[in-house]
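Given next are the chains, with one letter for each unit.
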Amino acid sequence: MMKLSKKSNAILQKGEGIAKHMILLIFRYILLASVGFVYLYPIIHMLLGSLLSPGDQADPTVKWLPTTLYFKNYIDAFQTLDFGRSFLRSMIVSLGPAILQTAATAIIGFGFARFRFPLKNLWFVLMIMTFIIPIDVTLVPRYVLYYQYGITETYLPAYLPAIFGQGIKSALFILVFYQFFRSYPISFDEAAELDGAGKIGVFLRIAVPMAVPAIVLSLLFSFIWYWNETAQFSLYLGNKLSTLPMQLQQFTARYEAVFGSISDGGSALSNSITLAGTTLSILPVIILFLVFQRQFIESVERSGITGE
């Protein structure tokens with residue numbers, strides 16, 4: 001009897017442990033699903049809303065799922081945004097500066113991490129201040145400078161700051177590279193120098209391979225931030241070089257220019273067409289994230305920063 005009671009107690013304790021584990025697991029999945037839905041709801045609403053036909057929009061019984069997939073909203077939004085040329089401009093002002101900014105910030109971060117020079121701490125503080133100062137404060141002085149040099153309404157205002165390490169939030173990437181280059185032993189650099197490598201060789205052969213996660217993070221974040229930038233580019237580039245996000249800001253005016261004034265009997269601008277335009281403007285960024293999702297997450301984890 002004693003043996004049976006001990007065995008039954010053990011089985012009961014094991015069953016209670018399994019039940020507690022299952023309850024905890026179910027709670028965890030419910031919590032993750034709830035948080036995921038909060039983040040995914042705007043995207044789901046945007047995608048489903050962009051496929052609503054005029055009849056579905058007028059029908060109060062249609063809340064989520066459209067009765068038919070109405071793709072004409074995307075055709076109208078495609079024409080309104082002038083998608084082909086706007087997409088090309090967005091790539092020009094996003095991909096090129098992202099690559100140049102990554103290269104410049106990597107070099108600057110390596111310099112701060114591995115070299116000693118006069119007033120190093122002062123320069124480091126000034127570099128951090130460029131990140132703290134709001135971008136709105138420097139918009140007008142930069143515009144005046146670019147105007148005096150005659151480079152407004154060109155792509156140079158997007159490229160020149162990136163080349164000199166003063167692109168969009170460059171100070172953040174300098175800090176990330178600084179952290180990476182300080183994280184590995186300096187003996188690696190010294191060993192490479194004993195083998196005959198110069199400072200450039202050490203940077204290219206030792207430092208850059210060590211900082212691959214930082215490079216991936218800098219490229220992806222730079223591309224996304226340059227892609228979404230409208231305040232600077234609308235001032236520096238003008239209407240002649242409008243990017244997709246800039247076209248989206250002027251969506252109503254662009255729609256009237258393409259399809260005629262709404263008040264004069266032109267096609268009505270529905271909410272679904274606007275949602276379709278929004279989807280088209282962020283689609284390249286979503287595709288980029290889906291393609292490089294694993295590298296993106298690994299880079300964020302190893303760098304110790306989060307996006308915004």
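See above for the structure.
Residue numbering note: each chain is counted from 1, following its sequence as written. Given that the model is predicted, a residue must reach a pLDDT of at least 70 before its local features are reported, and side-chain atom pairs must reach 80 or more before they are shown or counted; all residues, however, enter totals for whole chains, interfaces and linings. To get the side-chain values, all heavy atoms of the structure are used, and hydrogens and water are removed first.

Draft legend 1. Broad picture of the overall build of the protein chain. Under the DSSP-based scheme used, a helix requires at least four consecutive residues in state H or I and a strand at least two consecutive residues in state E, with every element numbered from the N terminus. Per the secondary structure count, the protein chain includes 16 helices and zero strands. Partly exposed describes any residue whose relative accessible area lies between the buried limit of under 20% and the exposed limit of over 50%, with all areas from a 1.4 Å probe on protein chains only and scaled to the type maximum. The proportion of buried residues among the 308 residues of the protein chain is 36%. To measure how exposed things are, a 1.4 Å probe is used in the Shrake-Rupley method; for residues, cover is taken only from the protein chains shown. Just so you have it, the protein chain exposes about 18,800 Å², and 68% of that area is on carbon and sulfur atoms.

Draft legend 2. Spotlight on the packing of helix α9 (residues 187–194) against helix α10 (residues 199–210). Think of each axis as a best-fit line through the C-alpha atoms, taken over the contacting stretch in the case of a helix, with angles from 0 to 180 degrees between the N-to-C directions. Close contact between α9 and α10 brings their axes to 10 Å; oriented N to C, the two are set at 140 degrees. Of the possible angle classes, the one that applies to α9 and α10 is oblique. As α9 packs across α10, the resulting crossing turns out to be right-handed. Listed contacts from α10 to F188, D189, A192 and E193 of α9 are K199, V202, I206 and M210. Here the angle decides the label: under 35 degrees means roughly parallel, over 145 means roughly antiparallel, 65 to 115 means roughly perpendicular, and every other value means oblique. A clockwise turn of the near helix away from the far one marks a right-handed crossing, whereas an anticlockwise turn of less than a right angle marks a left-handed crossing. Any two residues whose heavy atoms approach within 4.5 Å are treated as being in contact.

Draft legend 3. Looking closely at the nonpolar core. Buried Ala, Val, Leu, Ile, Met, Phe, Trp, Tyr and Cys residues form a nonpolar core when they are joined through side-chain atoms within 4.5 Å. If you look at the biggest cluster of nonpolar residues, it comprises 32 residues, and the most contacted ones within it are A77, F221, W225, F233 and L280. Contributions of two or more residues to this core are made by α3 (72–81), α4 (83–114), α7 (156–163), α8 (170–183), α11 (212–228), α13 (244–249), α14 (251–259) and α15 (271–291). Here the element with the most residues in this core is α11; it accounts for seven residues. F233 has contacts with V93, A158, Y226, G238 and M246, leaving out every residue within four places of it along the chain. Counting 16 residues, the second largest nonpolar core, distinct from the first, contains A106, V202, I206 and A214.

Draft legend 4. The pattern of salt bridges, seen in detail. Salt bridges are defined by distance alone: a side-chain nitrogen of Lys or Arg within 4 Å of a carboxyl oxygen of Asp or Glu. Counted according to the given criterion, the structure contains five salt bridges. Notably, a salt bridge pairs D189 with R114, separated by 2.9 Å at the nearest N-O pair. Of this pair, D189 sits in helix α9 while R114 sits in helix α4, placing them 75 residues apart in sequence. Here D189 matches R114 in class, with each residue buried. Its salt-bridge partner being K199, residue E193 comes within 2.8 Å of it at the nearest N-O pair. Judged by relative accessible area, E193 falls into the partly exposed class, the value being 33%. Since its relative accessible area comes to 46%, K199 is described here as partly exposed.

By themselves, these observations are geometric and do not establish any function.
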